[in-house]
Amino acid sequence: MTTFEASTGRHCHNAVSPLHASVYFAPEPQEELAALGLENGAMVYLASRAAPLGAVDAGTVTATFYNFNHEHVRRYIPSVWTITTPEAVLTARLHAADRTLQRLLGKEALISTEMAEAAELALHATEACRREARPLYAANADLPVPEEPHLALWHAATLLREHRGDGHLAALAIAGLSGIEALVLHNATGTAPTSALFTRTRGWSAQQWDAARDRLRERGLLDEGGNLTQAGTDLRGEAEVLTDRLDAAPYDHLGPAATARLTELAGGFSATLRAAGAFPAVHFGKG
């Protein structure tokens, strides 16, 4: 059986990323962007994540997000930019992150020395990120760094998340996985968001999901029950190892001791987020 060891960079990413991702399940972004005239749900998500790219069209969003149904994206992009502007969305997004972290972490954590240290370390790691072939990272990297430590950490977490994400999409393409196939394979691990959440938020129908599952069975990546085969496990492991290689620079730049310290600090904050209900259990698990 093939085994793939997670890199120290991946461990750090897994600790830092929830600080950014918590906003996707929080009510505050919905409230802030609804005030701009946007519909809750898909329109808010697509607009807030795409806003750093500017008033782009649906093709750009589908290409950079990878696992969204293009027809679903076209329902909201580019018409959302007739309702508001990317600049207004970015301002609302930052306000929402501020409110979300205040509610979930509490004021004491936000003003702690640990928060300031984590922000400094995470920002230092981003100094080694590369813009080439990383459109979502590059767009976010052009945004100003907030002054408040918790928002600076959220900004750095966003950069590190999109940097790894852009590289991961390259690894998925090399693996020959379409957007929906990558979702189905990820869902089969039992540790990913449920298929119901994936299909609803990414705009795929049950029939499209089943067809993708059939294609993965034909490739020998899933068994008849929809579970990962050894070949499927190996392919996912190889994609993660390649992603680690493409994402090594920030953590090499930070160094082993500082990477371990950032993992420790961010992991503590992320644990608090989870305990506060930032990631509803109903959305996670195989299904």
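Because the structure is predicted, anything quoted here is derived from the model rather than measured. (Residues numbered from 1 in each chain as written. Predicted model: local features only at pLDDT ≥ 70, side-chain atom pairs only at ≥ 80, totals over all residues. Heavy atoms only, no water.)

### Here we look at the packing of helix H6 (residues 86-105) against helix H16 (residues 256-275)
- With their axes 9 Å apart at the nearest point, H6 and H16 run at an angle of 85 degrees to one another. With respect to their mutual orientation, H6 and H16 come out roughly perpendicular. Only Phe269, Thr272 and Leu273 of H16 make contact with H6, whose side of the interface consists of Leu101, Leu104 and Leu105.
- In the contact of H6 with H16, the residues fall into five nonpolar, one polar and no charged. (Axes fitted to C-alpha atoms, helices over the stretch in contact; angles between N-to-C directions. Helix = DSSP H or I, 4+ residues; strand = E, 2+ residues; numbered from the N terminus. Parallel < 35°, antiparallel > 145°, perpendicular 65-115°, else oblique. Contact = heavy atoms within 4.5 Å. Nonpolar A, V, L, I, M, F, W, Y, C, P; charged D, E, K, R; others polar.)

### So, the pattern of salt bridges
- A full pass over the atoms with the stated rule returns 15 salt bridges.
- Salt-bridge contacts for Glu31 lead to Arg99; the nearest nitrogen and oxygen are separated by 2.5 Å. A residue pair is termed long-range when its members are at least 10 positions apart, and Glu31 in helix H2 (residues 27-34) and Arg99 in helix H6 qualify at 68 residues.
- For Glu31, a relative accessible area of 42% puts it in the partly exposed group.
- A residue is classified by how much of its surface remains accessible, and Arg99, at 33% relative accessible area, is partly exposed.
- Among the salt bridges present, the one from Asp247 reaches Arg164, with a minimum N-O distance of 3.4 Å. Pair noted here: Asp247 is in the loop between helix H14 (230-246) and helix H15 (249-254) and Arg164 is in helix H10 (residues 149-174), with a separation of 83 residues, a long-range link.
- Connected via shared salt-bridge partners are Arg10, Arg164, Glu240, Asp244 and Asp247. (Salt bridge = Lys/Arg side-chain N within 4 Å of Asp/Glu carboxyl O. Buried < 20%, exposed > 50% of the residue type's maximum accessible area, 1.4 Å probe, protein only.)

### As for the packing of aromatic side chains
- Throughout the structure, instances matching the rule amount to six aromatic pairs.
- Their ring planes at 75 degrees and their centres at 5.8 Å tell us that Phe25 and Phe279 sit as a pair that is edge-to-face. In this pair, Phe25 is assigned in the loop between helix H1 (8-21) and H2 and Phe279 in the segment after H16, connecting sequence segments 254 residues apart.
- Note on Phe25: relative accessible area 29%, which makes it partly exposed.
- Note on Phe279: relative accessible area 18%, which makes it buried.
- Judged by centre distance (5.6 Å) and plane angle (65 degrees), the ring pair of Phe65 and Phe68 falls under edge-to-face. A single burial state applies to Phe65 and to Phe68, both of which are buried.
- Through pairs of rings, three or more aromatic residues link up here, namely Tyr24, Tyr45, Phe65 and Phe68.
- Positioned above the aromatic ring of Phe65 is the side chain of Arg49, whose terminal nitrogen or guanidinium carbon lies 4.6 Å from the ring centre. (Phe/Tyr/Trp six-rings, centres within 6.5 Å; stacked < 30°, edge-to-face > 60°. Lys NZ or Arg CZ within 6 Å of the ring centre and 35° of its normal.)

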